[in-house]
Amino acid sequence: MRSPRFLRPHSITIKNKLGEDAQGDAIYQDTTVKHVCVDVSYGIHQSQKGVQSSGSCLIVFDMNDLVAYEGGQKRNYVPLQDFEQREDKSGVFTLRPDDLIEYRNKIYTIVEIADINPQKDEPTFLEVIANEA
């Protein structure tokens, strides 16, 4: 059973690093993911001077309703080990530390991924914590 989409109104772009070109610049595969919940106020610090942003965000993926694509082609989520073993990564994407997420013209670096699953072996939700790059 999926969570209501009105609770997950955001879209993000995941940038999986595939390698480097001859000049040493990173080569990324972009995947647009719809219906996620992004909380950019995650990790804020409140003091006597006021509220200060920590630059972190929390992104929640409902794995029962994952809509991911790039250029009209649907992409499926695969665990990190499966992603790294594949020769052809065109139909899949993954989430791993040090990959990038773009949200509202800001770039975030993934630092932590947690599988949230109260009842099954497969994750029901993925929670990703990312820091502003």
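Being a predicted model, the structure only gives us computed values, none of them experimental. (Residues numbered from 1 in each chain as written. Predicted model: local features only at pLDDT ≥ 70, side-chain atom pairs only at ≥ 80, totals over all residues. Heavy atoms only, no water.)

1. Here we look at the pattern of salt bridges
Moving on, step 1. With the rule as written, the count across this model stands at 8 salt bridges.
Moving on, step 2. The residue lysine 17 makes a salt bridge to glutamate 20 at a minimum N-O spacing of 3.7 Å.
Moving on, step 3. Note on lysine 17: relative accessible area 34%, which makes it partly exposed.
Moving on, step 4. A salt bridge links arginine 96 to glutamate 84; the shortest N-O distance between them is 3.8 Å. Highlighted residues: arginine 96 in the loop between β9 (92–93) and β10 (100–103) and glutamate 84 in helix α1 (residues 80–85), separated in sequence by 12 residues.
Moving on, step 5. Under the relative-accessibility criterion, arginine 96 is labelled buried at 12%.
Moving on, step 6. Overlapping salt bridges bring together Arg2, Arg5, Arg8 and Asp65 as one network. (Salt bridge = Lys/Arg side-chain N within 4 Å of Asp/Glu carboxyl O. Buried < 20%, exposed > 50% of the residue type's maximum accessible area, 1.4 Å probe, protein only. Helix = DSSP H or I, 4+ residues; strand = E, 2+ residues; numbered from the N terminus.)

2. So, the confidence of the model for the protein chain
Moving on, step 1. On average, the protein chain scores 90 in pLDDT, and the residues at 70 or more come to 94%.
Moving on, step 2. Looking across the protein chain, the model is least confident in strand β3 (residues 45–47), with a mean pLDDT of 69, and most confident in β10, with 97. (pLDDT = per-residue confidence, 0-100.)

3. As for the packing of aromatic side chains
Centre distance and the angle of the planes are the two values used to describe a pair of aromatic rings.
Moving on, step 1. If you walk through the whole model with that rule in mind, you get 1 aromatic pair.
Moving on, step 2. Taking 5.7 Å as the distance between ring centres and 70 degrees as the angle between the ring planes, the aromatic pair formed by tyrosine 77 and phenylalanine 93 counts as edge-to-face. Here tyrosine 77, found in strand β8 (residues 76–77), pairs with phenylalanine 93, found in strand β9; they are 16 residues apart in sequence, far enough to count as distant.
Moving on, step 3. Residue classification places tyrosine 77 among the partly exposed residues on the basis of a relative accessible area of 25%.
Moving on, step 4. Geometry around phenylalanine 83 places lysine 89 over its ring, the cationic atom sitting 5.3 Å from the centre. (Phe/Tyr/Trp six-rings, centres within 6.5 Å; stacked < 30°, edge-to-face > 60°. Lys NZ or Arg CZ within 6 Å of the ring centre and 35° of its normal.)

4. Topic: the pairing of strand β5 (residues 56–62)
Moving on, step 1. Taken across its 7 residues, β5 has 7 buried, putting it largely inside the fold.
Moving on, step 2. Going residue by residue along β5, you find Ser56, Leu58, Val60 and Asp62 tucked away on one face and Cys57, Ile59 and Phe61 tucked away on the opposite face as well.
Moving on, step 3. Where strand β2 (residues 26–39) lies against β5, 4 bridges are found, and the strand directions are antiparallel. Along β5, the bridge assignment pairs cysteine 37 with valine 60.
Moving on, step 4. One ladder, built from 7 bridges, connects β5 with strand β12 (residues 125–132); its direction is antiparallel. Residue pairing in the sheet places isoleucine 59 in a bridge with valine 128 of β12. (Pairing = 2+ DSSP bridges.)

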